[in-house]
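Letter by letter, the chains look like this.
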Amino acid sequence: MRAPSEVLAAPLAPPEARRLFSLSAPHAPSVHLFQTEQGRHLLVVNGSRLFDVDAEVFESLDRARLARDEASLRRQLEELGVSEAPFIDDQPVESPPVRALSLAVAQKCNLGCTYCYAQQGDFGGPARNMPLRTALEAVDLLLRDVGQGERVNLSFLGGEPLFNRSVIRAATQRAQELARARGVSLTLSLTTNGTLLNAEDADFLEEQGFAVTVSLDGLQETHDRLRAFKGGQGSFARVMENVAPLLSRQRRMQVSARVTVTPRNLALRETLDAFVDMGFHSVGFSPMLSSPTGRDEMGHAELELMLEQMVACGREFERRLIAGQRYPFSNMVNAMREIHKGTHRPYPCGAGAGYFGVSASGELAACHRFVGDEEGAMGDVATGVDRTRQARWLTDRHVHRQEPCRSCWARYMCSGGCHHEVIQRGRPACDYIRGWLHYCLEAYSRLSQARPDYFGLTPAAG
């Protein structure tokens, strides 16, 4: 039995996370309201459109929002002249063409990351490499019906893809030849744990203009705890030694660091600054929401701490941008771009639509995370996309079919969240996502006035 002194109350959420959770609560599906030092702002969810409003309009909308009076909100939007026909209807995308593939060229890995969606690299089956023939069939599928001037992407993942570098090079060569012949823009990407990289890889990846993502989960002590070799030794020193030639060569190539955030590596600002100083083109964070074993998944308390850290990184992004300095925090860069574009979409990504994962044996999956998972099976490279399964997937995964998404103001920005995570674990991160989006809307309102040139805007007069 615990002594009285050992009985502790649950810790409160950090203050900034607590503020954002409160302000971003999903009161109304049609609007979201927020205030900054620059004034009062209205997000019209239909079309993700942002407007500045005066105090009287803000207070009237807020009363209706808090009362969940959708009829009043619709009427007020009409009176303001911002009511439009739905930008997104209930119809799923129909038979979209294949425009992006990720090839699991090596379903094997030398690291023992406990949270790995690929079950330490082999996707729950025997370790294997993708045969060259399968890789070339995948490339042919990607470029089969693409038209001149279109854009396609070919990615290489694993496991650790560099266990099969000869196939990467041959598939890249085939893709480049076909793209040139068809007048197509081809982008190439590689995701690696960095342990097998060498100087020849650096030359090849630079020559071909790859976007290279290196999985790094923090500085040495933290990374080694989370991403050790299967024998238990830390991998950080080797990764950084191997990545150095890429960082020094990157011109056409862009080398980014991707940090999977678990309850054991929440020092995000320290990590971001260190990787930026090392010369990475960009650095981004992604919470671990679903692992095969359940280990290292983020719970609500950890997501609160993550949000606090993300906002600290975002504030530094704001400060440096206003000062005219580059600060490649990719979560923030991407959010500013999407808010400025007014991005609104019925799906969170192209998974199962124009984008597929390809297993080592040639099966198509809804994305790289569904390789080997019947839930996301979508045909194979020899016969093409199974259009019946795809149609069912695109119908079922449409954001209008998701709960509680349909009543959430963030639904067309979040679009329901990663399909794989939702299917495996549900939606434990809704508060975190809304809180982050609310902060990003605030930051966009500040930055669009302080640095309108960053968004291609004309500075306000006066």
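Residues numbered from 1 in each chain as written. Predicted model: local features only at pLDDT ≥ 70, side-chain atom pairs only at ≥ 80, totals over all residues. Heavy atoms only, no water.

Caption draft 1: Structural context of the overall build of the protein. When helices and strands are counted, the protein shows 15 helices and 14 strands. With respect to the three principal axes, the spread of C-alpha positions in the protein is 65 × 60 × 55 Å. Per-residue burial over the protein gives 53% buried out of 462 residues. The contacts of the protein with a sequence gap of at least 6 include a subset with a gap of at least 24, amounting to 71%. Carbon and sulfur atoms make up 49% of the accessible area of the protein, which amounts to about 20,500 Å² in all. Each charge sign in the protein was given a centre, from 52 positive and 55 negative side chains, and these centres are 2 Å apart. (Helix = DSSP H or I, 4+ residues; strand = E, 2+ residues; numbered from the N terminus. Buried < 20%, exposed > 50% of the residue type's maximum accessible area, 1.4 Å probe, protein only. Contact = heavy atoms within 4.5 Å. Areas by Shrake-Rupley, 256 points an atom, 1.4 Å probe, with all protein chains shown as cover. Lys, Arg positive; Asp, Glu negative; His and termini not counted. Charge placed at Lys NZ, Arg CZ, Asp CG, Glu CD.)

Caption draft 2: Spatial organisation of the packing of helix H10 (residues 300-322) against helix H11 (residues 330-341). The geometry of H10 relative to H11 is characterised by a closest axis approach of 9 Å and an angle of 70° between their N-to-C directions. Classified by the interaxial angle, the pair formed by H10 and H11 is roughly perpendicular. As for how H10 packs across H11, the hand of that crossing is right-handed. Taking contact as the criterion, the partners of Met310, Gly314, Phe317 and Glu318 in H10 are, on H11, Asn331, Met332, Val333 and Met336. Grouping the constituent residues of the contact of H10 with H11 by class yields five nonpolar, two polar and one charged. (Axes fitted to C-alpha atoms, helices over the stretch in contact; angles between N-to-C directions. Parallel < 35°, antiparallel > 145°, perpendicular 65-115°, else oblique. Left-handed = near helix turned anticlockwise from the far one by under 90°. Nonpolar A, V, L, I, M, F, W, Y, C, P; charged D, E, K, R; others polar.)

Caption draft 3: Examining the packing of H11 against helix H15 (residues 430-450) more closely. The N-to-C vectors of H11 and H15 enclose an angle of 70°; their axes lie 10 Å apart at closest approach. Here H11 lies roughly perpendicular to H15, going by the angle between them. Contacts between H11 and H15 involve Asn331, Met332, Ala335, Met336, Ile339 and His340 on the former and, on the latter, Trp436, Tyr439, Cys440, Leu441, Ala443, Tyr444 and Leu447. Residues that form the contact of H11 with H15 fall into these classes: eleven nonpolar, two polar and no charged.

Caption draft 4: Molecular detail of the environment of serine 291. Turning to its location among the elements, serine 291 is positioned in the loop between strand S10 (282-287) and H10. Spatially, the C-alpha atoms of serine 291 and leucine 186 are 32 Å apart, while their sequence positions differ by 105 residues. Once residues within four sequence positions are removed from consideration, serine 291 is found in contact with Tyr115 and Glu297. Of note is the side chain of serine 291, whose polar atom sits 3.0 Å from the backbone nitrogen of glycine 294. (Polar contact = N/O pair within 3.5 Å; in protein donor to acceptor, adjacent residues only side chain to side chain.)

Caption draft 5: Region of interest: the pattern of salt bridges. By the definition in use, this model includes 27 salt bridges. The shortest N-O distance in the salt bridge between glutamate 318 and arginine 446 comes to 2.8 Å. Of this pair, glutamate 318 sits in helix H10 while arginine 446 sits in helix H15, and the two are 128 residues apart along the sequence. Three or more residues are tied together by salt bridges with common partners; here these are Arg269, Asp273, Glu316, Arg319 and Arg320. (Salt bridge = Lys/Arg side-chain N within 4 Å of Asp/Glu carboxyl O.)

Caption draft 6: Here's a closer look at the side chain of threonine 271. Within the fold, threonine 271 resides in helix H9 (residues 268-278). Residue classification places threonine 271 among the buried residues on the basis of a relative accessible area of 7%. Residue contacts for threonine 271: discarding those within four places in its chain leaves Gly218, Val259 and Phe285.

Caption draft 7: Quick peek at the packing of aromatic side chains. Applying the stated rule across the entire model yields ten aromatic pairs. On the basis of an interplanar angle of 85° and a centroid distance of 5.4 Å, the ring pair of phenylalanine 370 and tryptophan 393 is categorised as edge-to-face. On the criterion of sequence distance, the pair formed by phenylalanine 370 in the loop between strand S12 (363-365) and strand S13 (377-380) and tryptophan 393 in helix H12 (residues 387-396) is long-range, its members being 23 residues apart. Ring geometry for tryptophan 436 against tyrosine 439: centres 5.6 Å apart, planes inclined by 35°, an arrangement best described as tilted. On the criterion of helical spacing, the pair formed by tryptophan 436 and tyrosine 439 is a turn pair, its members being three residues apart in helix H15. For the residue pair tryptophan 436 and tyrosine 439, the accessibility class agrees, reading buried in each case. Taken together, the ring pairs connect Phe285, Phe329, Trp436 and Tyr439 into an aromatic cluster. (Phe/Tyr/Trp six-rings, centres within 6.5 Å; stacked < 30°, edge-to-face > 60°.)

Caption draft 8: Highlighting the nonpolar core. Counting 113 residues, the largest nonpolar core has Phe280, Phe285 and Met336 as its most contacted members. Ranked by residue count, the leading element in this core is H15, at nine residues. Setting aside residues no more than four positions away along its own chain, phenylalanine 285 makes contact with Val259, Val261, Leu268, Thr271, Leu272, Met306, Met310, Cys313, Phe329 and Asn331. Residues Val31, Leu33, Leu61 and Leu73 belong to the second largest nonpolar core, which totals twelve residues. (Core = buried A, V, L, I, M, F, W, Y, C linked by side-chain atoms within 4.5 Å.)

Caption draft 9: Main features of the pairing of strand S2 (residues 39-44). For strand S1 (residues 31-36) and S2, the ladder comprises six bridges, and the chain directions are antiparallel. Residue pairing across strands places phenylalanine 34 opposite histidine 41, the latter belonging to S2. In this sheet, strand S3 (residues 49-53) lies alongside S2 in antiparallel orientation, the contact comprising five bridges. Considered in S3, the bridge of histidine 41 is made with aspartate 52. (Pairing = 2+ DSSP bridges.)

Caption draft 10: Region of the structure containing the sheet that holds S2. A sheet is described by the order of its strands in space; here three strands give the open sequence S1-S2-S3, paired in antiparallel fashion. One side of each edge strand has no neighbouring strand; the edge strands of this open sheet are S1 and S3. Along the sheet, successive strands turn relative to each other by an average axial angle of 25°, direction set aside.

Any link to function would need more than the numbers given here.
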